[in-house]
Amino acid sequence: MSSESRIRCAALRARVMSAAAAAELIPAGINVGMSGFTGAGYPKAVPGALAERIRKLNAAGNDPFRISIWTGASTAPELDGVLAEVDGIDMRLPFQSDPICRDRINTGKMDYVDIHLSEVSQYAWSGFLGKMDLAVIEVAGIREDGSLIPSSSVGNNKTWIEQADKIILEVNSKQNAKLEGMHDVYYGTALPPNRKPIMITDPSDRIGEPYLACPMDKVIAVVETSAADRNTPFKAPDETSRKIAEHILNFFHREIELGRLPKELLPIQSGVGNIPNAVLEGLDAGPFKNLTAFTEVIQDGMLKMLKSGTLATASATAFSLSPEGIAEFDNNIDLYRDKIILRQQDISNHPELARRLGVIAMNGLIEADLYGNINSTHIMGTRMMNGIGGSGDFARNGYLSIFVSPSTAKNGAISAIVPMVSHVDHTEHDVKIIVTEQGLADLRGLSPRQRAHEIINNCAHPDFRPALMDYYERALHSGRGMHTPHLLEEALSWHVRYETQGQM
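This one's a predicted model, so the numbers in the text were calculated from it and none came from an experiment.

Colleague: An account of the layout of surface pockets is needed here, citing residue identities and associated values.
Modeller: For the second largest pocket, the calculated volume is near 270 Å³. What lines the second largest pocket is a set of 15 residues, and nearest its centre among them are Ser118, Gln122, Arg195, Asp346 and His350. Of all the elements in the fold, those that place two or more residues in the lining of the second largest pocket are helix 6 (120-126) and helix 14 (351-357). When the residues that make up the lining of the second largest pocket are grouped by side-chain class, the tally is five nonpolar, five polar and five charged.

Here you go:
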């Protein structure tokens, strides 16, 4: 399909211009919504052209040119990286993974608002974030009536189009034309007190439209592109990842034998990364058939499961594929298009749906403490890594919340199990299972003191296990309280020791 045929609306075809010309239409100091979720479906040309414009303005000694950027989740170097490099971002939300952005955030040069991904639309609708002035949205095509064929992610695009005063569209002919029809954009959401139940009782249910509605009078520019999404190769599962996956799979089999899970499990949600892909690989190699996924992203492991029949349906808001995964998807899109549904993120991550469907949530952690509190965002309590993303949406509301990590980091200098986490993202009340390569701690129905024994004995690395037990025993007999024993003067001493000595 030619790039011209991707813009089938004559009125919008008349608004085609270069990325540089479109970037000239973006003033400083405004709030800009951009498409994109985990490196899929983000604008590829306008952010770079805007960064070049800012670079020239800075070199000419003009006042700083900065905008606030709202997205669905993380994007890619062509968006976050180039704009952060020229100091063009004033505030960023709701999630990022770019190293330049991260440095700006942690050195105080960029404000960052870390939000549960299911809540971003509600924040925008309610005006908590201020007015959205402009949106830059990548689409796979524009239909004759001006409606938009969504790209490889939906994210917050529906909300950005509704909220923005002006819209710039990037029409990307590199996106597979057969994406058309895979999306399910729901227009029934509302703010309290006007909300109605969301009528999804199975991940395969469709309740919306395959297209994004877009008022043509808002569109001030259309930019044609032909550029691939960010391609991030996944590493082959290492021994640590395989052990973590093995513990989880054994747990699933045991829960099925006990009658607490059906043989088809429950809809799975999985964060992105090598450990989740190892779990998906293990599921695909097992006896499971006709599983379902209700998650944020479709990654390589899920494509394999869909192809083999292990997975019957996958509902998400975006793809997150390696170069090999993208090639596999494009080459076999007719097989996948009937099995994958892409929704906006306030539906893909909706707490009501996670609770109703009984999602099995599997997400990563930076550190866990003796009682099951989880830090998934901050290094040593102060430095932002990426953000909470959707993990909280699923962990608090899913049937099972599983958090995974290697038991150590930095070549064994850091323990992932610590006396007290330096930052709390998921409280002990939302955490049911913790898994490292050492083992699995099932925390359901346990008191804090029982949790401590389960976590130390099953999840901590042997090098740190004696020190953790020593801390716990001394706290237990300190006379300060035996419900959740702590030594306040020592609770964060492991972190202090790493900051001063380079090891815990």
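Colleague: Kindly report on the sheet that holds strand 17 (residues 367-369), identifying the contributing residues and their values.
Modeller: Strand order across the open sheet formed by three strands is 18-17-24, with mixed pairing between neighbours. Looking along the sheet, the strands with just one partner apiece sit at the ends: strand 18 (374-375) and strand 24 (417-418).

Colleague: Outline the side chain of glutamate 296, supporting the account with residue identities and numerical values.
Modeller: Within the secondary structure, glutamate 296 sits in the loop between strand 11 (291-294) and strand 12 (297-299). No salt bridge is formed by the buried glutamate 296; its nearest oppositely charged neighbour, arginine 230, is found at 12 Å. Only 2.9 Å separates the side chain of glutamate 296 from the side chain of asparagine 349, close enough to count as a polar contact. Once residues lying within four places of it in the same chain are set aside, the contact partners of glutamate 296 are Phe37, Leu117, Gln269, Ala316, Thr317, Ala318, Asn349, Gly389, Gly390 and Phe394.

Colleague: Before we move on, can you summarise the nonpolar core with the specific residues and values?
Modeller: In terms of nonpolar packing, the biggest core is built from 44 residues, with Phe252, Leu283, Phe329 and Ile340 touching the most fellow members. Looking at this core element by element, the count peaks at six residues for helix 8 (residues 239-257). Non-local contacts of phenylalanine 329, meaning those with residues more than four positions away in its chain, are made with Leu179, Met182, Leu303, Phe319, Leu321, Tyr336 and Ile340.

Colleague: An account of the environment of isoleucine 340 is needed here, citing residue identities and associated values.
Modeller: You can see isoleucine 340 is positioned in strand 15 (residues 340-343). Taking the relative accessible area as the measure of exposure, isoleucine 340 reaches 0% and is therefore buried. With 176 residues separating them in the primary sequence, isoleucine 340 and alanine 164 have C-alpha atoms 29 Å apart.

Colleague: Break down unusual backbone geometry for me, with residues and values.
Modeller: Cis peptide bonds are those with omega within 30 degrees of zero, and the linkage from leucine 93 to proline 94 qualifies with 0°. Among the structural elements, proline 94 can be located in the loop between strand 3 (89-93) and helix 5 (99-106). Proline 193 follows proline 192 through a cis peptide bond whose omega is 10°. Checked against the element boundaries, proline 193 lands in the loop between strand 8 (183-184) and strand 9 (219-225). The phi torsion at leucine 265 lies on the positive side, around 55°, for a residue other than glycine. Following the sequence through the fold, leucine 265 ends up in the loop between helix 8 and strand 10 (268-270). According to the relative accessible area criterion, leucine 265 is buried, its value standing at 4%. One non-glycine residue, asparagine 290, lies in the positive phi region at around 60°. Here asparagine 290 lies in the loop between helix 9 (274-285) and strand 11.

Colleague: Can you tell me about the packing of aromatic side chains, naming the residues and giving the values?
Modeller: For the structure on display, the rule yields six aromatic pairs. Ring centres of phenylalanine 319 and phenylalanine 329 lie 4.6 Å apart, and the angle between their planes is 50°; on these two criteria the pair is classed as tilted. With a gap of 10 residues between them, phenylalanine 319 in strand 14 (residues 318-320) and phenylalanine 329 in helix 11 (residues 323-331) connect regions that are remote in the sequence. According to the relative accessible area criterion, phenylalanine 319 is buried, its value standing at 5%. An aromatic cluster is built from Phe319, Phe329 and Tyr336, whose rings are joined through pairwise contacts. The residue whose ring lies beneath lysine 44 is tyrosine 42, and the NZ or CZ to ring-centre distance is 4.1 Å. For the cation-ring pair, arginine 143 lies above tyrosine 211, with the distance from its terminal atom to the ring centre recorded as 3.8 Å.

Colleague: So what about the packing of helix 10 (residues 300-308) against helix 11? Which residues, and what values?
Modeller: For the pair helix 10 and helix 11, the least separation of the axes is 9 Å and the interaxial angle reads 35°. Note on packing geometry: the crossing formed by helix 10 with helix 11 is left-handed. Here helix 10 contributes Asp300, Leu303 and Lys307 to the contact with helix 11, which in turn contributes Gly325, Glu328 and Phe329. Here the contact of helix 10 with helix 11 is built from residues that sort into two nonpolar, one polar and three charged.

Colleague: So what's going on with the side chain of asparagine 349? Which residues, and what values?
Modeller: Residue placement: asparagine 349 occurs in the loop between helix 13 (345-348) and helix 14. Reaching out from asparagine 349, the side chain makes a polar contact with the side chain of serine 348 at a distance of 2.7 Å. Beyond its immediate chain neighbours, meaning those up to four positions away, asparagine 349 contacts Leu117, Ser118, Glu296, Gly390, Asp393 and Phe394.

Colleague: A description of the pattern of salt bridges should follow, citing residues and the corresponding values.
Modeller: The tally for this structure, following the rule as stated, stands at 27 salt bridges. Here lysine 158 and glutamate 162 are joined by a salt bridge, their closest N and O atoms 3.2 Å apart. In this pair, lysine 158 and glutamate 162 both sit in helix 7 (residues 157-163), four residues apart, roughly one turn of the helix. Judged by its relative accessible area of 4%, lysine 158 falls in the buried class. In the salt-bridge network here, residues are joined through shared partners; they are Glu255, Arg260, Asp442 and Arg444.

Colleague: Lay out the pairing of strand 3 in plain terms, naming residues and giving numbers.
Modeller: For strand 3, a buried count of four out of five residues is recorded, marking the element as mostly surrounded by other parts of the structure. Running through helix 4 (residues 77-85), the crossover from strand 2 (residues 67-70) to the neighbouring parallel element strand 3 is right-handed. Alignment of strand 3 against strand 4 (residues 111-112), held across two bridges, turns out to be parallel. Considered in strand 4, the bridge of methionine 91 is made with aspartate 111. As for the winding sense of the linkage, the β-α-β connection from strand 3 through helix 5 to strand 4 is right-handed.

What counts and what doesn't
Here the residue numbering is sequential within each chain, running from 1 through the sequence in written order. In view of the model being predicted, local features appear only for residues whose pLDDT reaches at least 70, and side-chain atom pairs are presented and counted only at 80 or more, with totals across whole chains, interfaces and linings using the full set of residues. Hydrogens and waters are ignored; side-chain quantities use all the structure's heavy atoms. For each structure, a 1 Å grid was placed over the protein atoms alone; sets of points admitting a 1.4 Å probe that cannot get out are labelled cavities, open sets with protein on both sides within 12 Å along at least five of seven lines are labelled pockets, and lining residues have an atom within 4 Å of a point. Grid points are joined across faces, edges and corners, and a volume is the space filled by probe spheres set on the points. Going along the chain from the N terminus, every DSSP run of H or I of four or more residues is numbered as a helix, and every run of E of two or more is numbered as a strand. Charged residues are taken to be Asp, Glu, Lys and Arg, nonpolar residues to be Ala, Val, Leu, Ile, Met, Phe, Trp, Tyr, Cys and Pro, and polar residues to be all remaining types, Gly included. A strand pair is defined by DSSP finding two or more bridges across the two strands. Working definition: with a 1.4 Å probe on protein chains only, accessible area under 20% of the residue-type maximum means buried, over 50% means exposed, and in between means partly exposed. In this tally Asp and Glu are treated as negative and Lys and Arg as positive; neither His nor the chain ends contributes. Criterion for a salt bridge: a side-chain nitrogen of Lys or Arg within 4 Å of a carboxyl oxygen of Asp or Glu. N or O atoms closer than or at 3.5 Å make up a polar contact, with two conditions inside protein: a donor-capable atom paired with an acceptor-capable one, and, for residues adjacent in sequence, both atoms drawn from side chains. By definition, residues are in contact when any of their heavy atoms lie within 4.5 Å. For the purposes of this section, nonpolar cores are sets of buried Ala, Val, Leu, Ile, Met, Phe, Trp, Tyr and Cys residues that join through side-chain atoms within 4.5 Å. Only the six-membered ring of Trp is used, alongside the rings of Phe and Tyr, when aromatic pairs are assigned; centres must lie within 6.5 Å, and planes under 30 degrees apart are stacked while those over 60 apart are edge-to-face, with the rest tilted. Two limits define a charge over a ring: the Lys NZ or Arg CZ must be within 6 Å of the ring centre, and within 35 degrees of the ring normal. In this description, a line fitted to the C-alpha atoms serves as the axis of each element, helices being fitted only across the stretch in contact, and the angle between N-to-C directions of two axes falls anywhere from 0 to 180 degrees. Put simply, a crossing is left-handed when the front helix is turned counterclockwise from the back one by less than a right angle, and right-handed when it is turned clockwise. Seen with the strands pointing away from the viewer, any crossover whose path from the first strand over the helix to the second strand runs clockwise is right-handed.

That is the geometry; function is a separate question.
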